[in-house]
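Listed below, chain by chain, are the residues.
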Amino acid sequence: MVLRPHSRASAVLSFLAFLTASTCVSASRSPGLPFVINTWGGAFTAATDAAYLALIADRNTSALDAVEIGCATCEKNQCDTTVGYGGSPDESCETTLDAMVMDGTSMKTGAVAGLRRIKDAIGVARAVLEHTRHSLLVGDLATNFAIENGFKEQDLTTEASKEKCEAWKRANCQSNYRLNVAPDPRTSCGPYTPLPGIDQQTLARSVMEDEGAVSHDTISMVVIHESGIMAAGTSTNGASHKVPGRVGDGPIVGSGSYVDGDVGGCGATGDGDIMMRFLPCYQAIENLRQGMSPQDAAEDVVARMLRKYPNMSSGIVVANTKGEHGGAGSGWTFTYSFRGGDMEATEVVSVPPLPRRLEERRRNTNDIPDEI
């Protein structure tokens, strides 16, 4: 099934109305507390297990502790090479890290972005939360803060990430994130200079024709302690071959993740430069607050983004305070992992792209428009 951009947009608009009126989709049943849920299966299940087992082993392990333990596991394991050191080199072949933690009771956050030469990004993010009144530190000054707080300065480049970057350069820097510059970024490496006289129509067309990020995986995790206290966090090394200095959605509160202990939590992954324009996790939690199920809340958020960017890749996972959960995505088959209650193993949920999910729904209801 192939959707033309204009038909996809109209279908999404119709689906937004359907979501508002529909009550037929319910959240996946909660396995009980404590509860851990995060973006992606595969290598990322090690993070789910680490967070869950920490909660089970010691009741004094807090929700924030579990989030840090889970995300740190992926940082150390270099999950899918998209979290932690040695992955997603920028144009200059350097790996930098973004991370964020959030407490669902106080709503306080700590985050780092463009962190250089420090492997434990999620740990530094928590130090920002616990030892400053700030929410976000960036770049070399974030590195200085990390060193002041006892973190070790290390090279984040590996032989694999160096070779990946050199191979990209040999392929004329394809693909990349440059727009409206000379030489043509579709065929050449830089250095680039901006083209003069870019009007709004040209800019809008170049953005809408964007095929999306080269890589865009993030671990975003939500934890519910057995007491009901909630926390959330994210960690990522960003997009491969990004413009140096780029920050994605991971460390942005309400975009990469968000939690309100009175309502629920959300984690996101995907085309971060697009997703941060919508604050999808904040919107998902507000959807819960308005009475939507976690599944409907996630699908509504993805549909909102597809209305403007029909070709984007995204993944959203949402859980309410009971541990009922749901997920939605676009552009790929998204997966998420969860473990809670007395579960003996992590379970991975596969989520088809939203347009395909709409097609499956249409076959079972007359409320979904036929043009999908």
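Everything numeric here is computed off the predicted structure, so don't read it as measured data.

## What to know about the pattern of salt bridges
Where side chains of opposite charge bring their charged atoms close, a pairing between them can arise.
(1) Moving on: Applying the stated criterion across every chain, the model contains 16 salt bridges.
(2) Moving on: Across the pair Arg59 and Glu226 runs a salt bridge, and its minimum N-O distance is 3.3 Å. With a gap of 167 residues between them, Arg59 in the loop between α2 (45–57) and α3 (63–77) and Glu226 in the loop between β7 (219–224) and β8 (230–236) connect regions that are remote in the sequence.
(3) Moving on: Residue class for Glu226 comes out partly exposed when judged on its relative accessible area of 40%.

## Some remarks on the UniProt feature "active site" (unreviewed entry) in the protein chain
(1) Moving on: Here, the residues flagged by UniProt with the feature "active site" (unreviewed entry) are Thr218.
(2) Moving on: With respect to the element layout, Thr218 can be found in the loop between α7 (200–208) and β7.
(3) Moving on: When residues no more than four places from it in sequence are discounted, the contact partners of Thr218 are Thr39, Trp40, Phe44, Thr234, Ser235, Thr236, Ala268 and Thr269.

## Things to note about the environment of Gly190
(1) Moving on: Checked against the element boundaries, Gly190 lands in the loop between β5 (181–182) and β6 (193–194).
(2) Moving on: Owing to a relative accessible area of 38%, Gly190 belongs among the partly exposed residues under this scheme.

## Description of unusual backbone geometry
(1) Moving on: The omega torsion across Gln174 and Ser175 is -10°, close enough to zero to call that bond cis.
(2) Moving on: Within the secondary structure layout, Ser175 lies in the loop between α6 (159–170) and β5.
(3) Moving on: Following Gly190, the chain continues into Pro191 via a peptide bond in cis, with omega recorded as 10°.
(4) Moving on: Locating Pro191 in the fold gives a position in the loop between β5 and β6.
(5) Moving on: Phi is positive for Cys93, close to 75°, though the residue is something other than glycine.
(6) Moving on: Along the chain, Cys93 falls in the loop between α3 and β2 (97–103).

Cut-offs applied
Residues numbered from 1 in each chain as written. Predicted model: local features only at pLDDT ≥ 70, side-chain atom pairs only at ≥ 80, totals over all residues. Heavy atoms only, no water. Salt bridge = Lys/Arg side-chain N within 4 Å of Asp/Glu carboxyl O. Helix = DSSP H or I, 4+ residues; strand = E, 2+ residues; numbered from the N terminus. Buried < 20%, exposed > 50% of the residue type's maximum accessible area, 1.4 Å probe, protein only. UniProt positions renumbered as here; feature names shortened; annotations may be inferred. Contact = heavy atoms within 4.5 Å.

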